[in-house]
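Chains, contacts and geometry: an overview
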Amino acid sequence: MGPPAGERRQFASDNYAGICPEAWAEAGEANAGHVPAYGDDPWTARAADLLRELFETDCDVFFVFNGTSANSLALASLCQSYHSILCSETAHVETDECGAPEFFSNGTKVLTVAGKDGKVDPTGVEWMVRRRTDIHYPKPRAVSLTQATELGTVYTPDELKAVWAKAKSHNLRIHMDGARFANAVASLGCAPKEITWQAGVDVLCFGGTKNGMAAGEAVVFFDRQLAKEFDYRCKQAGQLASKMRFLAAPWVGMLKDGAWLRHATHSNAMAELLHSLVKDLPGVKVLYPRQANSIFLELPRRVREGMHERGWRFYDFIGWGGARLMCSWDTAPEEVRAFARDLSELAREAGR
Ligand SMILES: Cc1ncc(COP(=O)(O)O)c(C=O)c1O
């Protein structure tokens, strides 16, 4: 069944999409009989094992309800209350989590550092660490990197290693917001380990929701020391699911035969198709390199309003503005073409 008649799939957010068949089916499988609660069930064990297999290492895994809690609790496990967290100016932890990273770590300060196209770069880290070293300023302790970034770009393994070298030299830990981690892996064509623990990542928040699940992010600790008592942190924050099997089973469905990567590859391909159809339209400017499942366009006001009038929804406030067009696991090429056709008509009209 597709979207209801008269409703089209939109480009506003990958959160607009429903649940993919693999996640849905496995949740159905899990919906049988009684099993122990609070994560002490076979689905949670299997999902964690599949993640260990995927990352080819013996990591500790926890499932929480959403990305904000995953990021905030993971960062809290890296920091004391008097520490600071360095991230990009456009990082979700800075702009879209309502202060939760500071709240859950009892007062850390999130500090933004310079970088291009939504990334943190090592010189930005160096500048911020050296800016103040006195007792009156929060002590830098963690770098938070988003992979893929909020601007739809992707860190290469070498870029990550350069940040890691800088972080190590200042005794900083690395957190990765992987709300769209699957899109980054699909884009780079690398093994997940190459852009996580082999590039210095201590803890990854691996996004399931944007990849096609209803809810449920995996917090993956590559430094297992940091995971100590994380279960208590989750419980206190209201993030310990009593019927955990329903957060975990969709992960089994996604991981057991590679659906996570197929869906990410598809949404990236849809963004590439959209990019190819709109990049040369008059008055339209592509703002950042297309590397994952989104593109950002600067549009003349009339064109943007015209698209909204034609029923297309997209956000204008992410990053530095511009229209963010986000593709999902279920975005269809016909919808991409329909969007591009409308944009092309309006752009050409505006240019006359
Ligand atoms: C980069 C990034 N991180 C994390 C999240 C997770 O947010 P939420 O708490 O809404 O699941 C999002 C969602 O928009 C995101 O874009």
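Residues numbered from 1 in each chain as written. Predicted model: local features only at pLDDT ≥ 70, side-chain atom pairs only at ≥ 80, totals over all residues. Heavy atoms only, no water.

**Observations regarding helix H6 (residues 122-131)**
Rules: Note on classification: 1.4 Å probe, protein chains only; a residue is buried when its accessible area is under 20% of the maximum for its type, exposed when over 50%, partly exposed between these limits. Put simply, DSSP H or I for four residues or longer makes a helix, DSSP E for two residues or longer makes a strand, and each gets a number counted from the N terminus. Every residue pair with non-hydrogen atoms within 4.5 Å of one another is taken to be in contact.
Residues Gly124, Val125, Glu126, Met128 and Val129 constitute the buried set of H6. Contacts made by the buried residues of H6 are with strand S2 (83-88), strand S3 (109-113), strand S4 (139-146) and helix H7 (157-169).

**Considerations on the packing of helix H10 (residues 245-255) against helix H11 (residues 259-278)**
Note the cut-off: Lines fitted to C-alpha atoms define the axes, with helix axes restricted to the stretch in contact, and inter-axis angles between N-to-C directions lie between 0 and 180 degrees. Roughly parallel refers to an angle under 35 degrees, roughly antiparallel to one over 145, roughly perpendicular to one between 65 and 115, and oblique to any angle outside these ranges. Residue classes follow a fixed rule: Ala, Val, Leu, Ile, Met, Phe, Trp, Tyr, Cys and Pro count as nonpolar, while Asp, Glu, Lys and Arg count as charged, and any other residue, Gly among them, counts as polar.
Axis separation between H10 and H11 bottoms out at 6 Å; the angle between their running directions is 75 degrees. Overall, the two elements H10 and H11 adopt an arrangement that is roughly perpendicular. Contacts between H10 and H11 pair Gly253, Met254 and Leu255 from the former with Ala259, Trp260 and His263 from the latter. Residues that form the contact of H10 with H11 fall into these classes: four nonpolar, two polar and no charged.

**A word on the sheet that holds strand S10 (residues 323-326)**
The criterion, for reference: Only strands joined by at least two bridges in the DSSP assignment are considered to pair.
Within the open sheet, the three strands sit side by side as S8-S9-S10. Their pairing is antiparallel. Bordering the open sheet on either side are strand S8 (285-286) and S10, each of which pairs with just one other strand.

**Observations concerning the packing of aromatic side chains**
Applicable threshold: We call Phe, Tyr and Trp rings a pair once their centres come within 6.5 Å, taking the six-membered ring for Trp, and we label the pair stacked below 30 degrees between planes, edge-to-face above 60, and tilted otherwise.
Across all of its chains, the model carries 16 aromatic pairs by this definition. The interplanar angle of 80 degrees and the centroid separation of 5.1 Å between the aromatic rings of Phe103 and Phe104 together place this pair among those described as edge-to-face. Looking at Phe103, the relative accessible area reads 60%, which means it is exposed. Joined through ring pairs, the aromatic side chains of Phe55, Phe63, Phe181, Phe206, Phe222, Trp251 and Trp260 make up one cluster.

**Comments concerning the packing of helix H12 (residues 301-309) against helix H13 (residues 333-351)**
Inclusion rule: Left-handed is the label given to a crossing in which the near helix is rotated counterclockwise from the far helix by less than a right angle, and right-handed is the label when the rotation is clockwise.
The geometry of H12 relative to H13 is characterised by a closest axis approach of 9 Å and an angle of 145 degrees between their N-to-C directions. Remark: the crossing between H12 and H13 carries right-handed chirality. Every residue of H13 that contacts H12 at Arg302, Val303, Gly306 and Met307 is listed here: Phe339, Asp342, Leu343, Leu346, Ala347, Glu349 and Ala350. Across the contact of H12 with H13, the residue classes break down as seven nonpolar, one polar and three charged.

**Topic: the site of the ligand**
Defined as follows: Here, proximity means that at least one heavy atom of the residue falls within 4 Å of the molecule or strand. In protein, a polar contact requires one atom able to donate a hydrogen and another able to accept it; more generally it is a pair of N or O atoms within 3.5 Å, and residues adjacent in sequence count only if both atoms are side-chain atoms. Only the protein chains shown count as cover for residues, and all accessible areas are computed by the Shrake-Rupley method using a 1.4 Å probe.
Looking at the ligand, the residues that line it are Asn66, Gly67, Thr68, Asn71, His92, Thr146, Glu150, Asp177, Ala179, Arg180 and Lys210. The side chain of Arg180 places a nitrogen or oxygen atom 3.2 Å from an oxygen atom of the ligand. For the ligand, the accessible surface in isolation is 400 Å², of which the surrounding protein chains cover 80%. Per-element tally for the shell around the ligand: the top contributor is helix H3 (residues 67-78), with three residues. Here the residues of the shell around the ligand sort into one nonpolar, six polar and four charged.

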